[in-house]
Amino acid sequence: DQAYRERLVALARSLQVESAVCFLGLVDAAEKTSLLESASQLWLCSHMESFGMVVVEALAQGTPVLATQSTPWSVLDREQLGRHVEPTPTAVAQAALALLAQSEPERRAQHRRCREFAAAHYTWPAQEARCQARDALGVGGGEQQGLALGGAAAGDEGDVVVETHVQHRSEE
């Protein structure tokens, strides 16, 4: 949206941060992966977010995430994958600075935790194990469907998976 971009550029100029902000526009999947992998952190500042797929994409690349508490990502604090903070400018700024102030060994450890968490929870093997465990307990009763996001081909180790469950109603 060109009008929205122009408003953002004007805002950056008025805040005198124009030289520190880069508006990339639309990027392809490979470029997005590269950008997420090279980022020091990803911010998800929202007043309401039901999931935020970009969080999983960032974690899969080893990038810590700073998300506001109006998102469902409290696991960021619990698993030391980033920060889950109040949706205020001060809280976001303090958390961002704290992440940036980490030592190199702390950053490497967090990078590893992010990748491991994404692999354990959002790859095809992780989803398959979850479905098998649920089926073994007799939970569900419909067919499993999944959608792979990222990776070169469905089933690649780096794929991110969003699972859906389709429940069929029995006909009377």
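The coordinates are above.
Given the structure is predicted, the values throughout are model-derived calculations rather than measurements. Throughout this description, residue numbers start from 1 for each chain and increase along the sequence as written. Totals for whole chains, interfaces and linings use every residue, but because this is a predicted model, local features are given only for residues with pLDDT of at least 70 and side-chain atom pairs only at 80 or more, for both listing and counting. By convention in this description, side-chain values take in all heavy atoms of the structure and omit both hydrogens and water.

Peer 1: An account of the nonpolar core is requested, with residue identities and associated values reported.
Peer 2: Counting 19 residues, the largest nonpolar core has Leu59, Val65, Trp73 and Leu76 as the members making the most contacts within it. Labels follow the DSSP assignment, with helices taken as runs of H or I lasting at least four residues and strands as runs of E lasting at least two, numbered in each case from the N terminus. Contributing elements (two or more residues each) for this core: strand 1 (42-44), helix 3 (53-60), strand 2 (65-68), helix 4 (75-78) and helix 6 (104-122). The contact rule is simple, with two residues in contact once any of their heavy atoms fall within 4.5 Å. Ignoring sequence-local partners within four residues, the contact set of Trp73 consists of Leu44, Phe51, Gly52, Val55, Val56, Leu59, Ala67, His84 and Tyr122. Here the nonpolar core consists of buried residues drawn from Ala, Val, Leu, Ile, Met, Phe, Trp, Tyr and Cys, with membership extended through side-chain atoms lying within 4.5 Å. Accessibility here uses a 1.4 Å probe with only protein chains present; expressed as a share of the type maximum, an area under 20% marks a residue as buried, one over 50% as exposed, and anything in between as partly exposed. Listed in part, the 7 residues of the second largest apolar core include Leu66, Val85, Ala91 and Val92.

Peer 1: I'd like a description of the pairing of strand 2, backed by residues and values.
Peer 2: Side-chain alternation along strand 2 places Val65 and Ala67 on one buried face and Leu66 and Thr68 on a second face that is also buried. Where strand 1 and strand 2 come together, 3 bridges link them in parallel fashion. Among the inter-strand pairings, Leu42 is bridged to a residue of strand 2, identified as Val65. Assessed by its sense of winding, the connection that carries the chain from strand 1 through helix 3 to strand 2 is right-handed. In this description, strands pair whenever DSSP reports at least two bridges between them. If the strands point away from the viewer and the path from the first strand over the helix to the second runs clockwise, then the crossover is right-handed.

Peer 1: Explain the packing of helix 6 against helix 7 (residues 124-136) residue by residue, including any values.
Peer 2: Angles shown run from 0 to 180 degrees and are taken between the N-to-C directions of axes, each axis being a line fitted to C-alpha atoms and, for helices, limited to the stretch in contact. Across the interface, helix 6 lies against helix 7 with an axial gap of 5 Å and an inter-helix angle of 45 degrees. Considering the angle they form, helix 6 stands oblique to helix 7. For the pair helix 6 and helix 7, contact is made by Ala119, Ala120, His121 and Tyr122 and by Trp124, Ala126, Gln127 and Arg130, respectively. In the scheme used here, Gly and all other residues not listed as nonpolar or charged are polar, with Ala, Val, Leu, Ile, Met, Phe, Trp, Tyr, Cys and Pro taken as nonpolar and Asp, Glu, Lys and Arg as charged. Grouping the constituent residues of the contact of helix 6 with helix 7 by class yields 5 nonpolar, 2 polar and 1 charged. By definition in this entry, angles of less than 35 degrees are roughly parallel, angles greater than 145 are roughly antiparallel, angles of 65 to 115 are roughly perpendicular, and the rest are oblique.

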